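Read off the chains here:
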Amino acid sequence: MAVVVRAVLLGLLVAMAGTIPRNLLFAANLRFHAQVPWAIPLVAVYLWLFWRYLRGAGPPASTAALCRQSLRAQRVAGRVWAWALLAGTLAIAALVFALKLANRLFVLPAQTLPDLSQVPPLTVLSLLLAAAPIAGLVEEAAFRGYMQGPIERSHGLLVAILVTGTMFAVAHLDFTPALWPYYVAVAAIYGVVTHLCRSILPAIVLHTGGNLYSNLDLWLHGQAEWQAVSKPAELIWQTGTDRAFWLSAAAFAALTVAAVWAYFRLAAATRPSR
């Protein structure tokens, strides 16, 4: 348990150190001189320094090797990159359809943007787009690097995914128990990719892509299919099943099978040659 507690605390510390400055600068940008997205270059500089520190470039020098080991940002071969991105993308797509099905079975909590009508649309869009790679980098470093790695080595991948998925849910302030399986599924998608690749780099790209989809969908439609919807759901217990429900079920099944196949191919690509 000491390993788990230490890994959780360190991972959450990394997440807060990377997220809080971003949130403060973005909030200040929305309040002061909102016509220009001036916070983005400042956050970019901070994250560059933050990433270098996590990789062991900062003091003290005695912890540099431990930082590099904890971050798990090793280079990945091109063939492994291809299978990792394919497997993760198929799994993310399957998860989107799983949420569509879940929203027909019970009401998911709403996720909507705050009122930003007084902010220029270009600034809102710029901040939403910039938030995707920022969250991808910070959260993968925190949850799949510093948190998952020690737990995985001590207690196995399954325990590591359950712990990181639960803490990932708690770290999102809009978390409700109904979404716990969603966050565990996200942790499994990125966690298995990281485990097989022995690097968080493919998971950062996948996480960024998922966030871009989520943020753009939220901005364009005022609701996020990625996590929840903001309109009342038509539950099948009230309306019965329909064509849309069965199409979503078929898409979920097909994408799940394809994702499992791609993960097996990724495992084969990362297996040391004899």
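Reading guide: rules and limits
Residues numbered from 1 in each chain as written. Predicted model: local features only at pLDDT ≥ 70, side-chain atom pairs only at ≥ 80, totals over all residues. Heavy atoms only, no water. Patch = residues over 30% accessible without salt bridge, like charges linked within 9 Å, V, L, I, M, F, W, Y side chains within 5 Å. Areas by Shrake-Rupley, 256 points an atom, 1.4 Å probe, with all protein chains shown as cover. Salt bridge = Lys/Arg side-chain N within 4 Å of Asp/Glu carboxyl O. Helix = DSSP H or I, 4+ residues; strand = E, 2+ residues; numbered from the N terminus. Buried < 20%, exposed > 50% of the residue type's maximum accessible area, 1.4 Å probe, protein only. UniProt positions renumbered as here; feature names shortened; annotations may be inferred. Core = buried A, V, L, I, M, F, W, Y, C linked by side-chain atoms within 4.5 Å. Axes fitted to C-alpha atoms, helices over the stretch in contact; angles between N-to-C directions. Parallel < 35°, antiparallel > 145°, perpendicular 65-115°, else oblique. Contact = heavy atoms within 4.5 Å. Nonpolar A, V, L, I, M, F, W, Y, C, P; charged D, E, K, R; others polar. Expected span 1.5 Å × (residues − 1). Phe/Tyr/Trp six-rings, centres within 6.5 Å; stacked < 30°, edge-to-face > 60°. pLDDT = per-residue confidence, 0-100.

A.B. asks: What should I look at first to understand a nonpolar patch on the surface in this one?
C.D. replies: A surface patch of nonpolar side chains, about 480 Å² in accessible area, is lined by Leu 10, Leu 13, Met 16, Ile 20 and Leu 24. Position of Ile 20 among the secondary structure elements: in helix H1 (residues 2-31). Exposure remark for Ile 20: the relative accessible area of 42% places this residue in the partly exposed category.

A.B. asks: Would you mind going over the UniProt feature "transmembrane region" (unreviewed entry) in the protein chain with me for this structure?
C.D. replies: Here the UniProt feature "transmembrane region" (unreviewed entry) sits at residues 36-54, 80-102, 122-143, 155-173, 179-197 and 244-264. Annotated as 100% helix and 0% strand, the span residues 244-264 places its first and last C-alpha atoms 30 Å apart.

A.B. asks: Explain the nonpolar core to me, please; I cannot follow it from the model alone.
C.D. replies: A general feature of soluble globular proteins is that nonpolar side chains tend to end up buried together. The biggest cluster of nonpolar side chains holds 63 residues, and the ones touching the most others in it are Phe 26, Leu 71, Ile 151, Tyr 263 and Leu 266. Examining the composition of this core, we find that 11 residues originate from one element, helix H5 (residues 121-155), more than from any other.

A.B. asks: Can you help me understand the packing of helix H3 (residues 64-71) against H5 in this one?
C.D. replies: Each pair of packed helices gets described by two things: the angle between the helix axes and the distance between those axes. In contact at an axis separation of 7 Å, H3 and H5 are set at 95 degrees when each is read in the N-to-C sense. In terms of their interaxial angle, H3 and H5 are classed as roughly perpendicular. Two secondary-structure elements touch here, H3 through Cys 67, Gln 69, Ser 70 and Leu 71 and H5 through Ala 141, Gly 145, Tyr 146 and Arg 153. Broken down by class, the residue content of the contact of H3 with H5 amounts to four nonpolar, three polar and one charged.

A.B. asks: Help me understand the packing of H1 against helix H2 (residues 39-54), please; the structure alone is not making it clear to me.
C.D. replies: Orientation of H1 relative to H2, taken along the N-to-C sense of each, is 170 degrees, at an axis distance of 10 Å. Comparing their axes, H2 and H1 come out roughly antiparallel. Only Ala 39, Leu 42, Val 43, Tyr 46, Leu 47, Phe 50 and Leu 54 of H2 make contact with H1, whose side of the interface consists of Val 14, Ala 17, Gly 18, Pro 21, Arg 22, Leu 25, Phe 26 and Asn 29. Looking at side-chain class alone, the contact of H1 with H2 contains 12 nonpolar, two polar and one charged residues.

A.B. asks: Just to check I follow, could you spell out the pattern of salt bridges for this structure?
C.D. replies: Two side chains carrying opposite charge are able to pair once their charged atoms lie near each other. Applying the stated criterion to the full structure yields three salt bridges. Ionic pairing is found between Glu 152 and Arg 72, a salt bridge with its closest N-O pair at 3.6 Å. Of this pair, Glu 152 sits in helix H5 while Arg 72 sits in the loop between H3 and helix H4 (78-105), and the two are 80 residues apart along the sequence. Each member of the pair Glu 152 and Arg 72 is classed as buried.

A.B. asks: For this particular structure, what's the right way to read helix H7 (residues 180-197)?
C.D. replies: Residues lying three or four places apart along an α-helix face the same way, a consequence of the helix completing one turn every 3.6 residues. Over its 18 residues, H7 extends 26 Å from the first C-alpha to the last, a length consistent with the 26 Å expected when each residue adds 1.5 Å. Restricting attention to buried positions, one finds in H7 the residues Tyr 182, Tyr 183, Val 184, Val 186, Ala 187, Ile 189, Tyr 190, Gly 191, Val 193, Thr 194, Leu 196 and Cys 197.

A.B. asks: Explain the packing of aromatic side chains here, please?
C.D. replies: What characterises a pair of aromatic rings is the spacing of the ring centres plus the angle enclosed by the ring planes. With the rule as written, the count across this model stands at six aromatic pairs. Ring geometry for Trp 83 versus Trp 261: centroids 5.4 Å apart, planes at 80 degrees, classification edge-to-face. Here the residue Trp 83 occupies a position in helix H4, and Trp 261 occupies one in helix H10 (residues 243-270), the gap between them amounting to 178 residues. Aromatic side chains Phe 245 and Trp 246 sit 5.3 Å apart centroid to centroid with 80 degrees between the ring planes, which places their arrangement in the edge-to-face category. Under the relative-accessibility criterion, Phe 245 is labelled buried at 10%.

A.B. asks: Could you clarify how one ought to interpret the confidence of the model for the protein chain in this entry?
C.D. replies: Caution applies to low-pLDDT parts of the model: their predicted coordinates are not meant to be read in detail. The share of residues in the protein chain with pLDDT of 70 or more is 92%, and the mean pLDDT across the chain is 89. The weakest mean pLDDT in the protein chain belongs to helix H9 (residues 236-239) at 86; the strongest belongs to H10 at 96.

A.B. asks: Help me out: how do you make sense of the environment of Leu 10 in this one?
C.D. replies: With respect to the element layout, Leu 10 can be found in helix H1. Residue Leu 10 is classed as partly exposed on the basis of its relative accessible area of 35%. Sequence-wise, Leu 10 and Ser 70 are 60 residues apart; in three dimensions their C-alpha atoms are separated by 10 Å.

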